[in-house]
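# A closer look at the structure
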Amino acid sequence: MDHTSVFLRKFLYDEGIDADLRRLIHTISVGGKYISALLQAANRKMAGTQNTSAEDQLEVDKQADIILKDMITSLDYVHDYASEEQEKSITTTHKKPKFSVSVDPLDGSSLIDVNLAVGTIVGIYPSEELINKGRYIQASLYILYGPLTTLVYTSGKGVHEFVLCPEGEFVLTKSNIRMKEQGSIYSPGGLRSEWIESHRNFIDDLVITDYKLRYSGGLVPDFNQILMKGGGLFSYPALKKSPEGKLRLLFELYPLAFLCEQAGGKATNGTQNILDLTLEKLHQRSPVYIGSKHEVEKAASYHKPPKAVKAVKATKPPKVTKATKASS
Ligand code: AFP
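Each chain carries its own residue numbering, running from 1 in the direction its sequence is written. At least 70 in pLDDT is required for a residue's local features to be given in this predicted model, at least 80 for side-chain atom pairs to be given and counted, and no such filter applies to totals for whole chains, interfaces and linings, which use all residues. Here the side-chain values reflect all heavy atoms present in the structure, with hydrogen atoms and water set aside.

### Comments concerning the pairing of strand 11 (residues 233–236)
What counts is decided by this rule: Partly exposed residues are those whose accessible area sits between 20% and 50% of the maximum for their type, while under 20% is buried and over 50% is exposed, using a 1.4 Å probe and protein chains only. What counts as a helix is a DSSP run of H or I of at least four residues, what counts as a strand is a run of E of at least two, and both are numbered from the N terminus. A pair of strands is labelled paired if DSSP reports no fewer than 2 bridges between them.
The alternating pattern of strand 11 places Leu233 and Ser235 and Phe234 and Tyr236 on opposite faces, both of which are buried. Summarising the sheet, strand 9 (residues 185–187) and strand 11 pair through 2 bridges and their orientation is parallel. Directly across from Ser187, in strand 11, lies its bridge partner Phe234. As paired strands, strand 11 and strand 13 (residues 288–291) are joined by 4 bridges and run antiparallel to one another. Along strand 13, the bridge assignment pairs Leu233 with Gly291.

Printed below as a string of structure tokens:
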């Protein structure tokens, strides 16, 4: 970090972001710092280099949820806090609420014990209630806990990446990140034996056209790779036993779809835009195809119901009369 570094708060101010939204995003970034420290400590404890306490028995994702819940609901302009870790959303009693927040506190937590990257995913809505349509989302971000802790965010004016530096500030590393029309990497999602036929045919098409497989089992690092490598496709399809797939519309897909569209990409459930899907249940799941437009649209061509072939009306053969006989 040096005197030219642009801190997250300064960047948000220069972008003309509403003061309360700036404070909310900054508060979430501070929560990300605590979670990053929590993960480092948890990994050390799992490695047996430190003794574990009763507190440690609480899974790290539950601890991450407590950190974010306490910090976010303490802000007097937050109305609803919905977490992937909690069955129902929490409604505050604040008098002048402006935002509702959805959080997946630690996505990919099953990867922590093998020291793979995990992430926090956040959606921010300008309303007293959680919206039932992704199109109302006002800002979204994810925090990726990898070799570096990075924060990628959009409030509708492009996608920007910040890195947590040793001094404890999130410093701008990339602004206005864009996805190419077509990429060269893909994440297929789930088990091949559980794929529905349309997904299997689509993935086979990518494989024979030399796309490189990139799949860690963590949505945030896998999506981040596609965003930062400039394009490609992440998918988690409908499965034979789970036609709605695995990933959650509110906690994971709305926020990433907003980021992806802001970077010039596309996100669908195979045929419809993720942000146009209506949320009917808090933990509703959806299949997802997200990334460069070319690949997402190619996926749609495998999922569209075959065009009904217009039945050609049978017509009676022309009557043969003396005149036609003579002319033939
Ligand atoms: P966990 O939170 O249980 O680790 O699941 C992570 C996740 O929800 C998402 O981050 C991955 O993209 C997806 O599951 C991987 O699922 P599969 O293990 O079925 O491929």
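Right, picking up where we left off after that structure.
### What about unusual backbone geometry?
The phi dihedral of Asn115 falls on the positive side, at around 55°, and the residue is not glycine. Mapped onto the fold, Asn115 is located in the loop between strand 3 (99–107) and strand 4 (118–125). Of note in this structure, Asn176 is not a glycine but carries a positive phi near 50°. Residue Asn176 is classed as partly exposed on the basis of its relative accessible area of 49%.

### Observations regarding the site of the ligand
The following threshold applies: Put simply, a residue is near a molecule or strand once any heavy atom of it comes within 4 Å of that molecule or strand. Here a polar contact means two N or O atoms within 3.5 Å. Within protein one must be a hydrogen donor candidate and the other an acceptor candidate, and residues neighboring in sequence count only if both atoms are side-chain atoms. Residue exposure ignores everything except the shown protein chains as possible cover, and the areas themselves are Shrake-Rupley values with a 1.4 Å probe. As a working rule, the residues Ala, Val, Leu, Ile, Met, Phe, Trp, Tyr, Cys and Pro are called nonpolar, Asp, Glu, Lys and Arg charged, and the rest polar, with Gly in that last group. Source of the domain bounds: an automatic or database domain assignment.
Contacts to the ligand come from 13 residues, most closely from Asp107, Ser110, Tyr215, Leu219 and Tyr236. Measuring from an oxygen atom of the ligand, one finds a backbone N or O atom of Gly108 at 3.1 Å. Between the ligand and Ser110, the relevant distance is 2.6 Å, taken from an oxygen atom to a side-chain nitrogen or oxygen of the residue. For the ligand, the accessible surface in isolation is 480 Å², of which the surrounding protein chains cover 74%. Here the shell around the ligand is built from residues that sort into 5 nonpolar, 6 polar and 2 charged. There are two domains that each give the shell around the ligand at least three residues, and those are domain 1 (8–174) and domain 2 (185–303).

### Considerations on the packing of aromatic side chains
We apply this condition: Any pair of Phe, Tyr and Trp rings, taking the six-membered ring for Trp, is counted once the centres come within 6.5 Å. Such a pair is stacked with planes under 30 degrees apart, edge-to-face with planes over 60 apart, and tilted for the rest.
This structure, assessed with the given rule, holds 6 aromatic pairs. A ring pair is formed by Phe202 and Tyr302, whose centres lie 5.9 Å apart and whose planes are at 55°; its orientation type is tilted. Of this pair, Phe202 sits in helix 5 (residues 197–208) while Tyr302 sits in helix 8 (residues 293–303), and the two are 100 residues apart along the sequence. Looking at Tyr302, the relative accessible area reads 29%, which means it is partly exposed. Here a set of aromatic residues connected by ring pairs shows up, and it is made of Phe202, Tyr289 and Tyr302.

### So, the pattern of salt bridges
Stated precisely, the cut-off is as follows: Definition used for salt bridges: Asp or Glu carboxyl oxygen within 4 Å of a side-chain nitrogen of Lys or Arg.
Evaluated as defined, the whole model comprises 16 salt bridges. When the shortest N-O distance is used, the salt bridge between Glu169 and Arg9 registers 3.4 Å. Placement of the pair is Glu169 in the loop between strand 7 (160–164) and strand 8 (170–174) and Arg9 in helix 1 (residues 8–14), with a sequence separation of 160 residues. Classification of Arg9 by relative accessible area gives partly exposed; the value is 44%. For Lys88, the salt bridge goes to Glu87, with nearest N and O atoms at 3.9 Å. Here Lys88 matches Glu87 in class, with each residue exposed.

### Some thoughts on helix 4 (residues 60–73)
Selection criterion: An expected span of 1.5 Å times one less than the residue number is assigned to each helix.
Compared with the 20 Å implied by 1.5 Å per residue over 14 residues, the 20 Å span of helix 4 between its first and last C-alpha is a close match. Of all 14 residues making up helix 4, 10 are buried, and the element is well covered by its neighbours. For helix 4, the complete set of buried residues consists of Val60, Asp61, Gln63, Ala64, Asp65, Ile67, Leu68, Met71, Ile72 and Thr73.

### What to know about the nonpolar core
Keep this limit in mind: Nine residue types can take part in a nonpolar core, namely buried Ala, Val, Leu, Ile, Met, Phe, Trp, Tyr and Cys, and a core is a set of them joined through side-chain atoms within 4.5 Å. Note on contacts: a residue pair qualifies if any of its non-hydrogen atoms lie within 4.5 Å across the two residues.
By size, the foremost hydrophobic cluster in this structure holds 49 residues, and its most contacted members are Tyr142, Leu227, Tyr254 and Ile274. Take this core: its biggest share by element is 10 residues, from helix 7 (residues 249–262). Discounting chain neighbours no more than four positions away, the residues touching Tyr142 are Thr120, Ile121, Thr150, Leu151, Val152, Val220, Phe223, Asn224, Leu227, Met228, Leu256 and Leu259. Listed in part, the 41 residues of the second largest apolar core include Ile28, Ile35, Leu106 and Ile143.

### Concerning the sheet that holds strand 1 (residues 78–83)
Spelled out, the test is: Simply put, an axis is a line fit to the C-alpha atoms, just over the touching stretch for a helix, and the angle between two N-to-C directions goes from 0 to 180 degrees.
Overall, mixed pairing links the 8 strands, which are arranged 2-1-3-4-5-6-7-8 in an open sheet. Looking along the sheet, the strands with just one partner apiece sit at the ends: strand 2 (90–91) and strand 8. Bridging between strand 3 and strand 4 involves 6 bridges; their strand directions are antiparallel. Opposite Asp104, over in strand 4, you have Ile121 as the bridge partner. Packed on one face of the sheet, helix 4 meets strand 1, strand 2, strand 3 and strand 4 and runs near 160° to strand 3. Packing against the sheet, helix 6 (residues 219–228) makes contact with strand 3, strand 4, strand 5 (139–145), strand 6 (149–154), strand 7 and strand 8, and its axis sits at approximately 105° to strand 5.

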